Amino acid sequence: QVQPVESGGGLVQAGGSLRLSCSASGRTFLYYGMGWFRQAPGKEREFVAAITWGGGITYYADSVKGRFAISRDNAKSTVYLQMNNLNPEDTATYYCAGRAPNSGSYYSEDAYNSWGQGTQVTVSS
């Protein structure tokens, strides 16, 4: 129902920062929780962070707590993921996804029904 498009990926050195953006078109955006997932080569896609449609509640994977911050600007239909103190293990393709109301756990990819194409983040050591 929403069509997320990610941007902002790239190459960064360990300890550096990067901010990803997700532009999600569609008039239902305001009613969707949004999440970020990532997938490294040969590994299963994993949860990174999520935010409710009102922006009042956020969720984070243990591996990124204190380093990443998710936010949204509903006026711009955009979700952000600020990534600080990046580690090589953060290297992955990052996906933005939309969660319809009452779809399930914010931590589970099964709760999301619309996905972006992904943006590559590479952290060098």
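Summary of the structure given here.

Rules behind the numbers
Residues numbered from 1 in each chain as written. Predicted model: local features only at pLDDT ≥ 70, side-chain atom pairs only at ≥ 80, totals over all residues. Heavy atoms only, no water. Phe/Tyr/Trp six-rings, centres within 6.5 Å; stacked < 30°, edge-to-face > 60°. Helix = DSSP H or I, 4+ residues; strand = E, 2+ residues; numbered from the N terminus. Buried < 20%, exposed > 50% of the residue type's maximum accessible area, 1.4 Å probe, protein only. Lys NZ or Arg CZ within 6 Å of the ring centre and 35° of its normal. Core = buried A, V, L, I, M, F, W, Y, C linked by side-chain atoms within 4.5 Å. Pairing = 2+ DSSP bridges. Axes fitted to C-alpha atoms, helices over the stretch in contact; angles between N-to-C directions.

## Focus on the packing of aromatic side chains
Working step 1: A full pass over the atoms with the stated rule returns 8 aromatic pairs.
Working step 2: Where Tyr59 meets Tyr107, the ring centres are 5.5 Å apart and the plane angle is 80 degrees; that geometry is what we call edge-to-face. Of this pair, Tyr59 sits in strand 6 (residues 58–60) while Tyr107 sits in the loop between strand 9 (92–99) and strand 10 (112–115); the two residues are 48 residues apart in sequence, bridging distant segments of the chain.
Working step 3: According to the relative accessible area criterion, Tyr59 is buried, its value standing at 18%.
Working step 4: A relative accessible area of 45% means that Tyr107 is categorised as partly exposed.
Working step 5: Taken together, the ring pairs in this structure connect Phe37, Phe47, Tyr59, Tyr106, Tyr107, Tyr112 and Trp115 into an aromatic cluster.
Working step 6: Positioned above the aromatic ring of Tyr106, the side-chain terminus of Arg99 is 4.0 Å from the ring centre.

## Some thoughts on the nonpolar core
Working step 1: Of all hydrophobic cores here, the largest spans 36 residues; its most connected members are Met34, Trp36, Leu81, Met83 and Tyr94.
Working step 2: No other element matches strand 5 (residues 46–51), which puts 5 residues into this core.

## What to know about the sheet that holds strand 1 (residues 3–7)
Working step 1: Ordered in space as 1-3-8-7, the 4 strands form an open sheet in which the pairing is antiparallel. The sheet terminates laterally at strand 1 and strand 7 (68–73), the two strands that pair on one side only. Each neighbouring strand pair of the sheet contributes to a mean axis angle of 20 degrees, computed without reference to strand direction.
Working step 2: Bridge count for strand 3 (residues 18–25) against strand 8 (residues 78–83) is 6 bridges, and the pairing is antiparallel. Across the sheet, residue Leu20 finds its bridge partner in strand 8, namely Leu81.

## Structural notes on unusual backbone geometry
Working step 1: Positive phi, close to 50 degrees, is recorded for Ser77, a residue that is not glycine.
Working step 2: Turning to its location among the elements, Ser77 is positioned in the loop between strand 7 and strand 8.
Working step 3: Given the relative accessible area of 24%, Ser77 is considered partly exposed.

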